[in-house]
Amino acid sequence: MKKLPVRLCVGCQEPHSKREMIRIVKSPEGEFSVDFTGKKSGRGAYICKNIECLNTAVKQRRLEKSFKCQIDNSVYEQLKEEFAKLDEQ
């Protein structure tokens, strides 16, 4: 039996299955993007598919702590747009 990977949500700080979460990636060039496949290269942080977790991560600057760099507000806006698309589906 294969063990399922578990990751910690940057918003609620609770472990969840990797497949249940959204990965935010910082590429080697320093660009941020949302990775729904979980296979893009670069450093990643995981967040639940819950808008409250995103709001907590934004408010407490947890993504900046995870990536150890300053994150532009446009990245947070892009994430909020992606979460809005998820809510519509």
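Use the structure listed above.
Quick look at the structure, then. Each residue is numbered by its place in its chain's sequence as written, counting from 1. Confidence filtering applies because this is a predicted model: local features only for residues at pLDDT of at least 70, side-chain atom pairs given and counted only at 80 or more, and all residues used for totals across whole chains, interfaces and linings. Note that water and hydrogens are dropped before the side-chain values are worked out from all heavy atoms of the structure.

## What to know about helix α3 (residues 73-88)
Along an α-helix, residues three or four apart share an orientation, since each turn contains 3.6 residues. Taking 1.5 Å per residue as the helical rise, α3 with its 16 residues ought to reach 22 Å, and the 23 Å between its terminal C-alpha atoms agrees with that figure. Within the sequence span of α3, burial applies to Val 75, Tyr 76, Leu 79, Glu 82 and Phe 83. Down the axis, α3 shows its buried residues gathered within 120 degrees of arc, on one side only. Every exposed residue of α3 that faces more than 90 degrees away from the buried side is listed here: Glu 81 and Glu 88. Note on contacts: a residue pair qualifies if any of its non-hydrogen atoms lie within 4.5 Å across the two residues. Each helix corresponds to a stretch of at least 4 residues labelled H or I by DSSP, and each strand to a stretch of at least 2 residues labelled E; elements are numbered beginning at the N terminus. On the buried face of α3, the contacting elements are β3 (21-26), β4 (32-35), β5 (43-48), α1 (51-59) and α2 (62-67). To estimate the expected span of a helix, subtract one from its residue number and multiply by 1.5 Å. In this scheme, a residue with accessible area under 20% of its type's maximum is buried, one over 50% is exposed, and one in between is partly exposed, where area comes from a 1.4 Å probe on protein chains only. Note that the arc is computed from the directions linking the helix axis to the C-beta atoms.

## As for the environment of Leu 63
Following the sequence through the fold, Leu 63 ends up in helix α2. Spatially, the C-alpha atoms of Leu 63 and Tyr 76 are 9.5 Å apart, while their sequence positions differ by 13 residues. With residues near it in sequence (within four places) discarded, Leu 63 still touches Val 10, Ile 24, Ala 45, Ala 57, Ile 71, Tyr 76 and Leu 79.

## A closer look at the packing of α1 against α3
Only C-alpha atoms enter the line fits that serve as axes; for helices the fit covers just the stretch in contact. Angles between N-to-C directions range over 0 to 180 degrees. Contact geometry for α1 and α3: axes closest at 10 Å, N-to-C directions at 175 degrees. One element, α1, and the other, α3, form an angle in the roughly antiparallel class. Here Ile 51, Leu 54, Asn 55 and Val 58 of α1 lie close against α3, whose contacting residues are Tyr 76, Leu 79, Lys 80 and Phe 83. In the scheme used here, Gly and all other residues not listed as nonpolar or charged are polar, with Ala, Val, Leu, Ile, Met, Phe, Trp, Tyr, Cys and Pro taken as nonpolar and Asp, Glu, Lys and Arg as charged. Residue composition of the contact of α1 with α3, grouped by class: 6 nonpolar, 1 polar and 1 charged. In this scheme, roughly parallel covers angles under 35 degrees and roughly antiparallel covers those over 145, while 65 to 115 is roughly perpendicular and the rest are oblique.

## Re the layout of surface pockets
In the cavity and pocket records, a cavity denotes points on a 1 Å grid over the protein atoms alone where a 1.4 Å probe fits but cannot get out, a pocket denotes an open set with protein on both sides within 12 Å along at least 5 of 7 lines, and lining residues are residues with an atom within 4 Å of a point. Grid points are joined across faces, edges and corners, and a volume is the space filled by probe spheres set on the points. The volume enclosed by the largest pocket comes to roughly 290 Å³. What lines the largest pocket is a set of 15 residues, among which Lys 18, Arg 19, Phe 36, Thr 37 and Gly 38 lie closest to the centre. The leading source of residues in the lining of the largest pocket is β3, at 3 residues.

The values reported here are purely geometric and, on their own, carry no functional implication.
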